[in-house]
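The residues making up each chain are set out below.
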Amino acid sequence: MSKEIINRVANSKLETIDLESFISENERETFDLKKWLKNDLVLIEKDFRENAQNYNWKQHKNKFISIVCSNDAIIPDWAFLLISSFLKKNEIKHVIGSLELLENLLINEAINNYDFSNYQNKTVIIKGCSGKFIPKSSYSALIEKLQPIAKSILFGEACSSVPIYKYLKK
């Protein structure tokens, strides 16, 4: 006589949030100011502005751009702002900084724009394993949204989770 195997996880009232689902599939690119410097080190304002004016910004449409300078050249802040201005003019999402900073911005923005009301008074598990890079700050942004509304928050997988928060009535 065999007993029926019951999947208690599937039958539980746990709500799972996978931060990977907040990651946009749009391609990421780095725009390196170095390519417009004389000898990769010196910014000549007239040439730089001309390059920016004549550049095909449309090639970055529907991509996310991080603006950096990959070498040790001393770049005035206005140069980064100028590139940012051209990207904004062409409605291209971007950040002045690394690809990691860009990823932080994108995921945190997605979290802030998400409606979490369906997690009201529920037990929520934040999925722990991901195949993609999840910035640590994104977990903090998620806690900011969930803790005021969730009954309890766990981290990990349903079969082996770690308690993070539990609402206690006062």
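Residues numbered from 1 in each chain as written. Predicted model: local features only at pLDDT ≥ 70, side-chain atom pairs only at ≥ 80, totals over all residues. Heavy atoms only, no water.

Caption draft 1: Looking closely at the overall build of the chain. On a plain count of helices and strands, the chain comes out with five helices and seven strands. Counting helices and strands in the order they occur from the N terminus, the chain gives α-β-β-α-β-α-β-α-β-α-β-β. Relative to the 2.2 N^0.38 estimate, which gives 15 Å for 170 residues, the radius of gyration of the chain is 23 Å and therefore markedly larger than a compact globule would have. Viewed in the frame of its principal axes, the chain has a C-alpha envelope of about 80 × 45 × 30 Å. (Helix = DSSP H or I, 4+ residues; strand = E, 2+ residues; numbered from the N terminus. Rg over C-alpha atoms; globule rule 2.2 N^0.38 Å.)

Caption draft 2: Molecular detail of the sheet that holds strand 3 (residues 64–68). Read across the sheet, three strands follow the order 2-3-4 without closing on themselves; strand pairing throughout is parallel. Each end of this open sheet is capped by a strand with a single partner; those strands are strand 2 (28–32) and strand 4 (94–96). Ignoring which end each strand starts from, the neighbouring axes of this sheet average 20° apart. Sheet topology note: the strand 3/strand 4 ladder contains three bridges and is parallel. Bridge assignment links Ser 66 to a residue of strand 4, and that residue is Val 95. (Pairing = 2+ DSSP bridges. Axes fitted to C-alpha atoms, helices over the stretch in contact; angles between N-to-C directions.)

Caption draft 3: The arrangement of the pattern of salt bridges in detail. Per the counting criterion, the structure on display carries eight salt bridges. In this structure, Lys 132 engages Glu 25 in a salt bridge whose closest nitrogen and oxygen atoms are separated by 2.8 Å. Remark: Glu 25 occurs in the loop between strand 1 (15–17) and strand 2 and Lys 132 occurs in the loop between strand 5 (123–127) and helix 5 (136–146); sequence separation between them is 107 residues. Owing to a relative accessible area of 34%, Lys 132 belongs among the partly exposed residues under this scheme. Judged by relative accessible area, which is 65%, Glu 25 ranks as exposed. Among the ionic pairs, Lys 63 bridges to Glu 29, the shortest N-O distance being 2.9 Å. Placement of Lys 63 in the loop between helix 2 (45–54) and strand 3 and of Glu 29 in strand 2 is noted, with a sequence separation of 34 residues between them. You'll find Lys 63 and Glu 29 in the same group, each marked buried. (Salt bridge = Lys/Arg side-chain N within 4 Å of Asp/Glu carboxyl O. Buried < 20%, exposed > 50% of the residue type's maximum accessible area, 1.4 Å probe, protein only.)

Caption draft 4: Local environment of helix 5. Along helix 5, the positions that sit buried rather than exposed are Ser 138, Tyr 139, Ala 141, Leu 142 and Leu 146. Along helix 5, the residues classed as buried sweep out an arc of 160° about the axis, all on the same side. Residues of helix 5 that are exposed and point over 90 degrees away from its buried face: Lys 136 and Glu 144. Buried residues in helix 5 make contact with strand 1, helix 4 (99–113), strand 5 and strand 6 (152–157). (Arc of directions from axis to C-beta. Contact = heavy atoms within 4.5 Å.)

Caption draft 5: Spatial organisation of the sheet that holds strand 5. Strand order in the open sheet formed by four strands is 1-5-6-7, with mixed pairing between adjacent strands. Strand pairing shows two members of the sheet lacking a second neighbour, strand 1 and strand 7 (160–166), which therefore form its edges. The average undirected angle you get between the axes of adjacent strands in this sheet is 30°. Sheet topology note: the strand 5/strand 6 ladder contains five bridges and is parallel. Note on strand 6: the bridge partner recorded for Ile 125 is Leu 154. Here helix 5 sits on the sheet and contacts strand 1, strand 5, strand 6 and strand 7; the angle it forms with strand 5, its principal contact strand, is near 170°.

Caption draft 6: Region of interest: unusual backbone geometry. The backbone of Asp 40 shows a phi angle near 60°, a positive value even though the residue is not glycine. By the element assignment, Asp 40 lies in the loop between strand 2 and helix 2.

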